[in-house]
Amino acid sequence: MITVDDALGHLMALVSPLDSEQVPLIEAAGRVLATDVTARRDQPPFAASAMDGYAMRADEVEQHSIFKVIGESAAGHRFEGQVKPGQAVRIFTGAPVPAGADFVVIQEDISRSGDLITIASAPSSNANIRALGGDFKIGDRVTAPRLLNPSDIALLASMNIANVPVTRRPQVALISTGDELVMPGENPGPDQIIASNTFGLKAMLDQLGAHCRILPIARDTEASLTMGFDLAAGADLIITIGGASVGDHDLVGKVAGDLGLERSFYKVAMRPGKPLMGGRMTGAAMVGLPGNPVSAMVCGHIFIAPMIRCMLGLGAVPCSPRTASLSAPLPANGPRQHYMRAKLDQGKIRAFDRQDSALLTVLAEANALLIRPPNDPARTIGEQVAYLPL
Ligand SMILES: Nc1nc2c(c(=O)[nH]1)N[C@H]1C(S)=C(S)[C@@H](COP(=O)(O)OP(=O)(O)OC[C@H]3O[C@@H](n4cnc5c(N)ncnc54)[C@H](O)[C@@H]3O)O[C@H]1N2
Ligand code: MOO
């Protein structure tokens, strides 16, 4: 058995950043920017009023001064003339500030009678003008790599970037194995269960930016598994679920080997997740996950998520643990690194009593994986422990 760190090292060696593609801006949220993009315009493209009011010369702004209103500047419709001494232009938020003016007095501070206005209240010192290019200028960069969030999308739109270079989505093929499995919604026989972690993994990896295909469940025969691997052709990453252990029906290692798997490792000193395997297969990375639902999901967090981030160009970085103090004691750990399902509440953490790797109810209750190093001694309330948020 190898350590978690060594297994992660082997798995990261199987993947590298993928090539890029152009997508319409409207589809770019949640994708990873592949190359820097530069603004195609200044924003704002003119000095713009930040308020509704009257534009005038700053050196004339004084309480009780009177001005003649000579026109109007609205958003989308500038005033073409020049503001001269003693003159003002009615202006609205977002409108271009007319030539000659460099101050906007808000309308609440003005009294108006026909074409004449008086500054009735002492105006603030704020000129209420947004400078040309005050947000960004032509050529300003949004740098890659970057997971594009809604704010980034708004910024790219404002820069007039209609098509965005993003890293291609990693194509993942998910093969569930086992005679006992049926799909959600089907009628399970008395000895059957629902393929659950297949869907949990798809949700996890799609959320990270991958595109997962759920292939038909492979039965516990070499022919059925072989067909599963055939259907996975074209994937960047092939993931099998189950059939990884030592039982008579655990065929993944054998069939993958017959089909040319160059195995990097098998079995990791971790709990859950011990019978994990990884390697390279017909140009794709291959990971064989244990079938126990929590084992598969925990391995998804610890190993597959960093592989996806690496393929997306976000760097080959493992999940980074945080620390919290224990709100309940822990017994001594065994020889495998234990990822305990745990609850983090107001900075304090406690592991659930039941840690069987079949318990999806406990996993769904958990918001953290409390990490116990191999042979960690018993811990008492208040001690600092490492965890990964879920
Ligand atoms: N003699 C030993 N037995 C086992 C060992 C061992 O070292 N020696 N390791 C145990 C550990 S640890 C794990 S983890 C499991 C892993 O076994 P497999 O990867 O071969 O998984 P299966 O036997 O196919 O299934 C285990 C369990 O999970 C259910 N399963 C499988 N696929 C799915 C799915 N897609 N969705 C939901 N549930 C699934 C399956 O029905 C079984 O109940 O081996 C131990 N045994
Ligand atoms: O390692 Mo198994 O994944 O403990 O249940």
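Residues numbered from 1 in each chain as written. Chains lettered and ligands numbered in written order. Predicted model: local features only at pLDDT ≥ 70, side-chain atom pairs only at ≥ 80, totals over all residues.

## Details of the packing of helix 3 (residues 197-208) against helix 6 (residues 293-311)
The geometry of a pair of packed helices is captured by two quantities: the angle between their axes and the separation between those axes. Contact geometry of helix 3 with helix 6 gives a least axis separation of 10 Å together with a crossing angle of 20 degrees. In terms of their interaxial angle, helix 3 and helix 6 are classed as roughly parallel. Between helix 3 and helix 6 lies a crossing whose hand is right-handed. Here Asn-197, Gly-200, Leu-201, Met-204, Leu-205 and Leu-208 of helix 3 come into contact with helix 6, specifically with Pro-293, Ala-296, Met-297, Gly-300, Ile-304, Ala-305, Ile-308 and Arg-309. A class-by-class count of the residues in the contact of helix 3 with helix 6 yields 10 nonpolar, 3 polar and 1 charged. (Axes fitted to C-alpha atoms, helices over the stretch in contact; angles between N-to-C directions. Helix = DSSP H or I, 4+ residues; strand = E, 2+ residues; numbered from the N terminus. Parallel < 35°, antiparallel > 145°, perpendicular 65-115°, else oblique. Left-handed = near helix turned anticlockwise from the far one by under 90°. Contact = placed C-beta atoms within 7 Å. Nonpolar A, V, L, I, M, F, W, Y, C, P; charged D, E, K, R; others polar.)

## Brief notes about unusual backbone geometry
What you tend to see is this: most non-glycine residues have negative phi, and most peptide bonds are trans. Note the cis peptide between Gln-43 and Pro-44, where omega equals -10 degrees. By the element assignment, Pro-44 lies in the loop between strand 3 (37-38) and strand 4 (48-49). Positive phi outside glycine occurs at Asn-128, with the angle close to 60 degrees. Mapping Asn-128 onto the fold places it in the loop between strand 10 (116-119) and strand 11 (129-130). The class of Asn-128 is buried, set by 20 C-beta atoms lying within 10 Å. At Gln-346, a position not held by glycine, the phi torsion is positive, near 50 degrees. (Buried ≥ 20, exposed ≤ 12 C-beta atoms within 10 Å, placed from the backbone.)

## Some remarks on the site of ligand 1
Close to ligand 1 lie 26 residues, the nearest being Gly-242, Ala-244, Ser-245, Pro-290 and Gly-291. Of all elements in the fold, only helix 3 and helix 6 reach the threshold of two or more residues within the shell around ligand 1. In the shell around ligand 1, the residues fall into 10 nonpolar, 13 polar and 3 charged. (Near = placed C-beta within 6 Å.)

## Here we look at the UniProt feature "domain: MoaB/Mog" (unreviewed entry) in the protein
Sites flagged by UniProt as "domain: MoaB/Mog" (unreviewed entry) map to residues 173-310. Taken end to end, residues 173-310 has its terminal C-alpha atoms 17 Å apart, with 34% of it in helix and 25% in strand. (UniProt positions renumbered as here; feature names shortened; annotations may be inferred.)

## Concerning the packing of helix 1 (residues 4-12) against helix 6
It is the contact of helix 1 with helix 6, at a shortest axis distance of 10 Å, that shows an interaxial angle of 35 degrees. Helix 1 and helix 6 meet at a crossing whose hand is right-handed. Seen from helix 1, the contacting residues are Val-4, Ala-7, Leu-8, Leu-11 and Met-12; seen from helix 6, they are Ile-302, Phe-303, Pro-306, Met-307 and Cys-310.

## Topic: helix 1
Taken residue by residue, helix 1 has Val-4, Ala-7, Leu-8 and Leu-11 as its buried positions. Buried residues of helix 1, viewed axially, fall in a sector of 100 degrees; they line one side. Lining the buried residues of helix 1 we find strand 20 (262-266), strand 21 (270-271), strand 22 (277-281), strand 23 (284-289), helix 6 and strand 25 (337-345). (Arc of directions from axis to C-beta.)

## Digging into the site of ligand 2
Near ligand 2 you find Arg-271, Pro-272, Gly-273, Lys-274, Pro-290, Asn-292, Ser-295 and Ser-357, and these make up its full shell. Residue composition of the shell around ligand 2, by class: 2 nonpolar, 4 polar and 2 charged.

## Quick look at the environment of Ala-95
Along the chain, Ala-95 falls in the loop between strand 7 (87-91) and strand 8 (103-106). Residues Ala-95 and Phe-46 lie 49 residues apart in sequence; the distance between their C-alpha atoms is 8.8 Å. Among residues more than four places away in sequence, those in contact with Ala-95 are Ala-48, Ser-49, Ser-73, Ala-74, Ala-75 and Arg-78.

## Considering the sheet that holds strand 19 (residues 237-241)
Spatial ordering of the open sheet is given by 18-15-19-23-22-20, a layout of 6 strands whose pairing is mixed. Strand pairing shows two members of the sheet lacking a second neighbour, strand 18 (211-214) and strand 20, which therefore form its edges. Taken pair by pair, the neighbouring strands of this sheet meet at an average axis angle of 20 degrees, ignoring direction. Here strand 15 (residues 171-176) runs beside strand 19; their pairing, made up of 5 bridges, is parallel. Looking at the pairing, Ser-176 lines up with Ile-241 of strand 19. Relative to the sheet, helix 3 contacts strand 15, strand 18 and strand 19, its axis offset from that of strand 18 by approximately 165 degrees. (Pairing = 2+ DSSP bridges.)

## Quick look at the sheet that holds strand 5 (residues 53-56)
Ordered in space as 8-5-7-6-10-9, the 6 strands form an open sheet in which the pairing is mixed. Only two strands of the sheet have a single partner each, and these edge strands are strand 8 and strand 9 (110-113). When strand polarity is set aside, the average angle formed by the axes of neighbouring strands in this sheet is 40 degrees. Where strand 9 meets strand 10, 4 bridges bridge the pair, whose relative direction is antiparallel. By the bridge assignment, Arg-112 is partnered in strand 10 with Ile-117.

## As for the environment of Ile-239
Its place among the elements puts Ile-239 in strand 19. The sequence separation of Ile-239 and Thr-198 amounts to 41 residues, and the corresponding C-alpha distance is 9.7 Å. Not counting residues within four places of it along the chain, the set of residues in contact with Ile-239 comprises Val-172, Ala-173, Leu-174, Ile-175, Leu-201, Val-287, Leu-289 and Ile-304.

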